[in-house]
Amino acid sequence: MSKIHVTTKINGDPVEYLCEPDETLLDVLRDKLGMTGSKEGCGTGDCGACSVTVNGRLVCSCLVLGAEAEGTEIGTIEGMAQGEALHPLQQKFIEHAALQCGICTPGILVAAKSLLENNPDPTEEETRYWLAGNLCRCTGYDKIIRAVLDAAADMREAS
Amino acid sequence: MRYLAPTTLEDAVHMLAEDPGDCRVLAGGTDLLVRLRSGHAEPDSILDIKRINALREITGEEGGWRIGAAVSGAEMREHEGLCADWPGVVEAASLIGSTQIQGRCTIAGNLCNASPAADSVPAMVAAGAVARIAGPNGTRDVAVEDVPQGPGKTCLEKDEFVASIFLPARPEKSGDAYLRFIPRTEMDIAVVGCAVSLTLSDDGTCTAARVSLGAVAPTVILVPEAAAALEGTKVDDGALEALANACTKAANPIADKRGTVEFRTHVAGVLARRAANIALTRAGG
Amino acid sequence: MALDSKTSNEAIQFKVVGTRPLRPDGIDKVTGRARFGADISAPGMLTGLVLRSPHAHAKIKSIDVSAAEAMEGVHAVVTRRDFPSLEPGSGTGDVLDNCMAGEKVLYDGHAVAAVAASSTHIARKALRAIKVEYERLDHVTDVDEAIKPGAPVLHPGRANESVPEGSSPNIMARYEFGHGDIEAGLAQADRVLERSYKTEATHQGYIEPHACLAQMGPDGQADLWCCTQGHYMVRNTCAEILGLAQGQLRVTASEIGGGFGGKTTVFLEPVALMLAKKSARPVKMVMSRSEVLRATGPTASSSVDVRIGMTKEGIITGAFAELRYQGGAYPGSPVDMGSMSAFAPYDLEHVKTVGWDIVTNRPKQAAYRAPGAPMAAFAVESAIDELAKGFGLDPLEVRLKNAAREGTRASYGPTYPAIGLEATLRKAKDHPHWSAPLGPNQGRGVACGFWFNFGGDTCVSLNVTPDGTVTVSEGNPDIGGSRASMSMMAAEELGIPYEKVRTIVADTGSLGQNEVTDGSRVTFAVGLATIKAARAAKAEMCKRAAMVWGIDAEAVEWKDGAAHPAGPNAGTHPPMTLAEIAAIASNTGGPIAGHCEANPEGAGVSFATHMVDTEVDPETGAVKILRYTVFQDAGKAVHPAYVEGQFQGGATQGIGWALNEEYIYGEDGILQNAGFLDYRIPVASDLPMIDTVILEIPNPGHPYGVRGVGETSIVPPLAAIANAVSEAAGVRMTDLPMSPPKVLKSIQNS
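In this text, all values refer to a predicted model and were calculated from it rather than measured experimentally. (Residues numbered from 1 in each chain as written. Chains lettered and ligands numbered in written order. Predicted model: local features only at pLDDT ≥ 70, side-chain atom pairs only at ≥ 80, totals over all residues. Heavy atoms only, no water.)

Attention now goes to the overall build of chain B. Along chain B, the regular secondary structure elements total 11 helices and 14 strands. For 285 residues, the compact-globule estimate of 2.2 N^0.38 gives 19 Å, and the C-alpha radius of gyration of chain B, at 19 Å, lies within 12% of that figure. Counting the 285 residues in chain B, one finds 58% classified as buried. In chain B, the proportion of contacts linking residues at least 24 apart, taken out of those at least 6 apart, comes to 58%. On chain B, roughly 10,700 Å² of surface is accessible, and the fraction owed to carbon and sulfur atoms is 50%. A distance of 6 Å separates the average location of the 27 positive side-chain charges in chain B from that of its 37 negative side-chain charges. (Helix = DSSP H or I, 4+ residues; strand = E, 2+ residues; numbered from the N terminus. Rg over C-alpha atoms; globule rule 2.2 N^0.38 Å. Buried < 20%, exposed > 50% of the residue type's maximum accessible area, 1.4 Å probe, protein only. Contact = heavy atoms within 4.5 Å. Areas by Shrake-Rupley, 256 points an atom, 1.4 Å probe, with all protein chains shown as cover. Lys, Arg positive; Asp, Glu negative; His and termini not counted. Charge placed at Lys NZ, Arg CZ, Asp CG, Glu CD.)

Put into structure tokens, the structure is as follows:
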């Protein structure tokens, strides 16, 4: 198998890597680049724990080939906080106790950020459907939904 | 394994024809990558068509819309003209997987995966959509209902691939709708799917209809008897009853982990009635 | 959210306990920095993968690993032959056999061999190069089929002495609980209801697959990192399986991505250690989702017969249940706990339960949140509901009439101290949810639930640093905020701010034995040990202050984070704060610490009442959850937000179990839905908000009144939802899951 050289941008930083043709973006992030914030819960696009954005579009990184990232801009959980300043969603997740074990949290935060970029004032139902591809087994989603709606309200006020 | 990423349709056709081994076309990848991962597919090459600009566009054509094979579900939903003309097709495409899957999945891929439960396919069939197939001998147009030949099987010849889907011009006073049944509210494969597209005359009589069912046969099926139940009627309760009966009769499903034969057969009729009502409202009836 | 505070808790003016501070691991977990099982790596590590049985039941005639061993990049291949032999039929023997099959494979997905290779690619190829010759045997996966005459037998002759002669050879044990004369009790009833109920196996469904990283030196020293609910259990089990000294194996728990009981045993860890030993390289193993579903423990499926007698006034005169649980391919289904908990909420004169532990060709069950109780409660609470409604009685009132109280002799033996069932029922009755109107095709259901709580071996070490901050080391993985709770209890006891305390989960080299994070025990038992460790540190600090002041230690008391002179002869000295005492510790006798090693008594049981509204689509059988309220006794809610989270999470898992989750086996005994696509756990759009009402009836056995709360919340939902769906659909549902085809069929047949 011949490796592919990929030049991309991750969280604003230029990144280069070599990957196998059938290697997923998730494997590249976790195993090659040491960015283990994106999690593998299923490997089939059913749990959302590996959510990232590619050119601003929310996707499961387990269903993207590493080779496809050439020339794109990738956003991961590691790029969500600006230095020490947490993103409002991150802050609200802690305040609302919207995580228990925390394994689904990175994927849900990336997905929720994408939601608020598309729709700054989502209803509870819109939020629930947008996040339907992010499984959480601990919380029953209640506090997650509250945290997202609260963060949205704060962000609207701040803007 | 090789990863090929042509930037023109001609190059793609050429590479596919030249590739000596098993070469799979990658559009959204939401089915192919799952197969790779599980070991169900072990191709020698993957041909990524997403860098072909022409396949990433939705363009107006003869009053209808041509949707490139690399256009994602999310991009379809963001296209106002397409949503206005074919809301049922866009809704059906939007039901494929999660928000994350929507960012990648394509209706061409959904068609080529040839699952009888594919959400967008009944809606395309009801809409009278046509697949444009590219290959070494040029392109050919095939009605969407003729593409799937069985679970996982299509009419595509070796070295052919679907380049775009054409949705025809929408007649006046017409509407389409797609409904599926799933056990949860999201993230499931359709247990039954039903799409209805119909056109009304000025007095509200149904002049043309197409009805399609998913997950009740080895392929998505067009049900002419169901369309006949609507045509010439005001889509009243009696017509809807006849529609439901025709769909139940046409259903020939299997029992599996997602549903029983009895359930699928019964629900095919229920969904047909509900989908027809939505299509009727959309047609201004 | 209501918060009732009652009785003796009022004696304590809590400052920290009962508040909602931010969790210490919060920032790590929202930024992706937290390291879970699969996030750990070591230089030069290999990838380990497992070869699994494609058959439900087969003899292993031979395994040829030579081709795999010869492959470039393959560093080790292991089969059962590599492991020392353990006594067959012993608990650990079964664990080993489950991790690596011996003479037979007993279920689809059973491990038969494993490889360690320099890349995942090579490891996959190596697995394909292993040749296993099987002789297929007949299989059985259904609990009732397994005990019919002529059913395939898994373990001939393994039944224990409790099983009567002539029973099915797939019955491993029989349990019996109760008191009184059941037939005499039933004879007093106006109606005796007899019903049978079935539930399917469900998986804990944690989002993080099992993962570990092992290394072992030629000197016998080994290190293991893994995601587990109990790294001390991992150490002890692996040491026994591999023949290592426990002290030579250090296990460090990673952050854990959910467990719910499913990570209270080992699957990969002994295999990873053996691969590391053979290859002399670190070996990392991570399960795929399909491996998790095929080969790790779901809970039992069940078949339960109930006979309950009730008077027309709603008094239960006698109650009997016979429970059959299959726990997969090895003995140990939670039918014992199901039998104990079935009638635990009620004050009954005549009560009896009989439980049968049955084996089938399915993966070895593992604990799942209140193991065994939800299925039993489903049967009992459905029957009580049907009886109450049959008499035209209010189902909450009927439960109140029969509710267990302080002094009630529980059906499983003990006499209850102060308990909170009645309080949850009264609160439920007064709640606006109970009187809210319902629309067409809608129904409301209620049910009660009970779960035990226990202590278990526990060690806590609390250290005061020279600058007056405090560190707490405990030995239980933090599965949902327990580090925050421990810090809160330490801060409460020491009288210092929460922010001054940091709690860590220590590795097995740092503390004595700790029971796994199970039985809802951590906030109770580790909390108790933390309080005791803090009290020991306080006593030491009082001693140091006394030394400085030149008075007796007995004349010093600890108040508001400082030592104060107390009593007539103590003199007048300005108080010395914890930080002041810490600063001079070196000169007053050295570092200050407190520790506690205990197996605490005094755990208090927890009861809950759940209320749920559902809507049924009569044309498709689809069920929608419209509204859900949990009423549960927490004793004392240390961190109310995390208590609510436990209530909500348990209720949601129960919703999944009731409606759509199930293990689906084909005729061939192969699991049909080994993925999150068709193993359908609830998604966000399936659910409403889950309302919670925390009641606080203090546990007399804990200084703050704490009860374990994590598990009770999964006990009532199955029955509560079944009662609601039965009302909405107009037909009694007795089989779980209530998937749409099943509900529709019931409607059509009624």
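Moving on from the coordinates now.
Let's shift gears to the pattern of salt bridges. This structure, assessed with the given rule, holds 84 salt bridges over all chains. With a closest N to O distance of 3.1 Å, B:D48 and B:K50 form a salt bridge. The residues B:D48 and B:K50 share a single accessibility class, namely buried. A salt bridge links C:E727 to C:K389; its shortest N-O distance comes to 3.2 Å. On the criterion of sequence distance, the pair formed by C:E727 in helix 19 (residues 717-729) and C:K389 in helix 11 (residues 373-390) is long-range, its members being 338 residues apart. Several salt bridges share partner residues, and in doing so they unite C:R195, C:E381, C:D385, C:E386, C:K389, C:R399, C:E727 and C:R732 into one network. (Salt bridge = Lys/Arg side-chain N within 4 Å of Asp/Glu carboxyl O.)

A few words on the state of the cysteines. Going through the model one piece at a time under the given rule, you end up with 0 disulfides over all chains. B:C194 carries a free sulfur, and the closest cysteine sulfur to it, the one in B:C247, is 4.8 Å from it. No disulfide involves C:C227; its nearest neighbouring cysteine sulfur is the one of C:C226, lying 6.7 Å away. (Disulfide = S-S within 2.5 Å.)

This brings us to the packing of aromatic side chains. Counted according to the given criterion, the structure contains 13 aromatic pairs over all chains. Plain terms: the ring middles of C:F14 and C:Y704 are 5.2 Å apart, the flat faces sit at 80° to each other, and that makes the pair edge-to-face. Pair noted here: C:F14 is in the loop between strand 1 (3-5) and helix 1 (26-31) and C:Y704 is in the loop between strand 27 (690-696) and helix 19, with a separation of 690 residues, a long-range link. On the numbers, 5.5 Å between centres and 45° between planes, the contact of C:Y412 with C:F450 is tilted. Within this pair, whereas C:Y412 is found in the loop between helix 12 (395-402) and helix 13 (421-430), its partner C:F450 is found in strand 17 (residues 442-451), the two being separated by 38 residues in sequence. Grouping residues by exposure puts C:Y412 and C:F450 together as buried. Through a chain of ring-to-ring contacts, the aromatic side chains of C:Y412, C:Y416, C:F450, C:W451, C:F452 and C:F607 assemble into a single cluster. Over the face of the ring belonging to B:W86 we find B:R170, whose NZ or CZ atom lies 3.9 Å from the ring centre. (Phe/Tyr/Trp six-rings, centres within 6.5 Å; stacked < 30°, edge-to-face > 60°. Lys NZ or Arg CZ within 6 Å of the ring centre and 35° of its normal.)

So, on to the pairing of strand 16 (residues 351-358) of chain C. Two faces, one strand: in a regular strand the side chains alternate between the faces of the sheet. Residues and elements named next belong to chain C. For strand 16, the tally of buried residues reaches 7 of 8 residues, placing the bulk of the element in the interior. Across 8 bridges, the pairing between strand 8 (residues 171-179) and strand 16 is antiparallel. Looking at strand 16, one finds that F177 is bridged to T353. Handedness of the crossover joining strand 15 (residues 316-326) and strand 16 through helix 10 (residues 335-341) is recorded here as right-handed. (Pairing = 2+ DSSP bridges. Right-handed = clockwise from strand over helix to strand, strands pointing away.)

The next subject is the sheet that holds strand 12 (residues 192-200) of chain B. Residues and elements named next belong to chain B. Here 4 strands make up an open sheet; going across it, the order is 11-12-13-14 and the pairing antiparallel. The sheet is open, and its two edges are formed by strand 11 (174-181) and strand 14 (221-222), each paired on a single side. In terms of strand pairing, strand 13 (residues 206-214) meets strand 14 through 2 bridges, oriented antiparallel. Paired with L213 across the bridge in strand 14 is I221.

Here we come to the interface of chain C and chain B. Every contact between the two is made by 22 residues of chain C and, on the other side, 20 residues of chain B. For the pairing of chain C and chain B, the buried interface totals around 1,900 Å² over both sides, and the portion due to carbon and sulfur atoms is 52%. In terms of surface lost to chain B, no three residues of chain C exceed C:E619, C:L677 and C:R680, which account for 28% of the buried area on that side. The tally of links between chain C and chain B comes to 7 salt bridges. In this structure, C:E619 and B:R274 form a salt bridge, with 2.7 Å as the shortest nitrogen-oxygen distance. Taken together, the connections running from chain C to chain B amount to 12 residue pairs in polar contact (both at pLDDT 80 or more). Looking at which element gives the most residues to the side of chain C that touches chain B, the answer is helix 20 (residues 740-749) of chain C, with 4 residues. When its residues are assigned to classes, the side of chain C that touches chain B shows 9 nonpolar, 7 polar and 6 charged. (Buried area = accessible area lost by both parts, 1.4 Å probe. Polar contact = N/O pair within 3.5 Å; in protein donor to acceptor, adjacent residues only side chain to side chain. Nonpolar A, V, L, I, M, F, W, Y, C, P; charged D, E, K, R; others polar.)

Turning to the sheet that holds strand 5 (residues 104-105) of chain C, a few remarks are in order. Within a beta sheet, neighbouring strands are joined by backbone hydrogen bonds and run either parallel or antiparallel to one another. Residues and elements named next belong to chain C. Pairing within the open sheet is antiparallel, and its 3 strands lie in the order 5-3-7. Two strands in the sheet have a free side with no partner beyond their single neighbour: strand 5 and strand 7 (131-136). Pairing between strand 3 (residues 58-64) and strand 7: 6 bridges, direction antiparallel. Among the inter-strand pairings, I63 is bridged to a residue of strand 7, identified as V132.

Turning our attention to the nonpolar core. Of all hydrophobic cores here, the largest spans 188 residues; its most connected members are A:F93, C:I308, C:Y416, C:I721 and C:M738. Looking at this core element by element, the count peaks at 11 residues for helix 11 of chain C. (Core = buried A, V, L, I, M, F, W, Y, C linked by side-chain atoms within 4.5 Å.)

Residues and elements named next belong to chain B. Each assigned domain of chain B is listed here: domain 1 (58-167) and domain 2 (191-282). Here domain 1 and domain 2 have C-alpha centroids that lie 21 Å from each other. Counting residues at the interface gives 20 residues for domain 1, matched by 14 residues for domain 2. In this assembly, domain 1 and domain 2 are joined by 2 salt bridges. The salt bridge involving R282 is made with E91; its shortest N-O contact spans 2.4 Å. Put simply, domain 1 and domain 2 have 5 residue pairs in polar contact (both at pLDDT 80 or more) between them. The set of elements that each furnish at least two residues to the side of domain 1 that touches domain 2 consists of helix 5 (87-94), helix 8 (120-127) and strand 8 (148-150). (Domains from an automatic or database assignment.)

This next bit is on the packing of helix 10 (residues 237-250) of chain B against helix 11 (residues 261-282) of chain B. Residues and elements named next belong to chain B. Between helix 10 and helix 11, the shortest axis-to-axis distance is 7 Å and the interhelical angle comes to 140°. Between helix 10 and helix 11, the crossing angle belongs to the class labelled oblique. Note that helix 10 runs across helix 11; the crossing there is right-handed. On the side of helix 10, the interface is formed by L240, E241, L243, A244, C247 and T248, while helix 11 contributes T265, H266, A268, G269, A272, R273, A276 and N277. A per-class count over the contact of helix 10 with helix 11 returns 7 nonpolar, 5 polar and 2 charged. (Axes fitted to C-alpha atoms, helices over the stretch in contact; angles between N-to-C directions. Parallel < 35°, antiparallel > 145°, perpendicular 65-115°, else oblique. Left-handed = near helix turned anticlockwise from the far one by under 90°.)

With that settled, the discussion passes to the interface of chain C and chain A. Taken together, the contacts link 51 residues of chain C with 45 residues of chain A. Contact between chain C and chain A buries roughly 3,900 Å² in total, counting both sides, with carbon and sulfur atoms accounting for 60%. Of all residues in chain C, C:V30, C:I207 and C:M689 bury the most surface against chain A, accounting for 19% of the area lost on that side. Taken together, the links from chain C to chain A amount to 4 salt bridges.

This next bit is on the environment of C:A68. All names here are of chain C. The topology assignment puts A68 in helix 2 (residues 66-69). Through-space distance from the C-alpha of A68 to that of I122 is 9.5 Å; in sequence the pair is 54 residues apart. Not counting chain neighbours up to four residues away, the residues in contact with A68 comprise V74, V77, A126, A129 and I130.

Our next topic: the side chain of A:S61. All names here are of chain A. With respect to the helices and strands, the residue S61 is situated in the loop between strand 4 (57-60) and strand 5 (73-75). On the basis of relative accessibility, which here comes to 0%, the residue S61 falls in the buried class. Among the polar contacts made by the side chain of S61, one reaches the main-chain carbonyl oxygen of C50 at a distance of 2.7 Å.

Let us now look at the confidence of the model for chain B. Taken as a whole, chain B shows an average pLDDT of 97; of its residues, 100% reach a score of 70 or greater. The ipTM for the predicted assembly is 0.98, set against a pTM of 0.97. (pLDDT = per-residue confidence, 0-100.)

On to the pairing of strand 6 (residues 130-135) of chain B, then. All names here are of chain B. Strand direction decides the pairing type here: strand 6 and strand 7 (residues 138-143), joined by 6 bridges, are antiparallel. Paired with A134 across the bridge in strand 7 is T139. The antiparallel pairing of strand 6 with strand 7 creates a hairpin that spans 2 residues between the two strands. As paired strands, strand 6 and strand 10 (residues 161-167) are joined by 5 bridges and run antiparallel to one another. Its bridge partner being in strand 10, A134 is matched across the sheet by F161.

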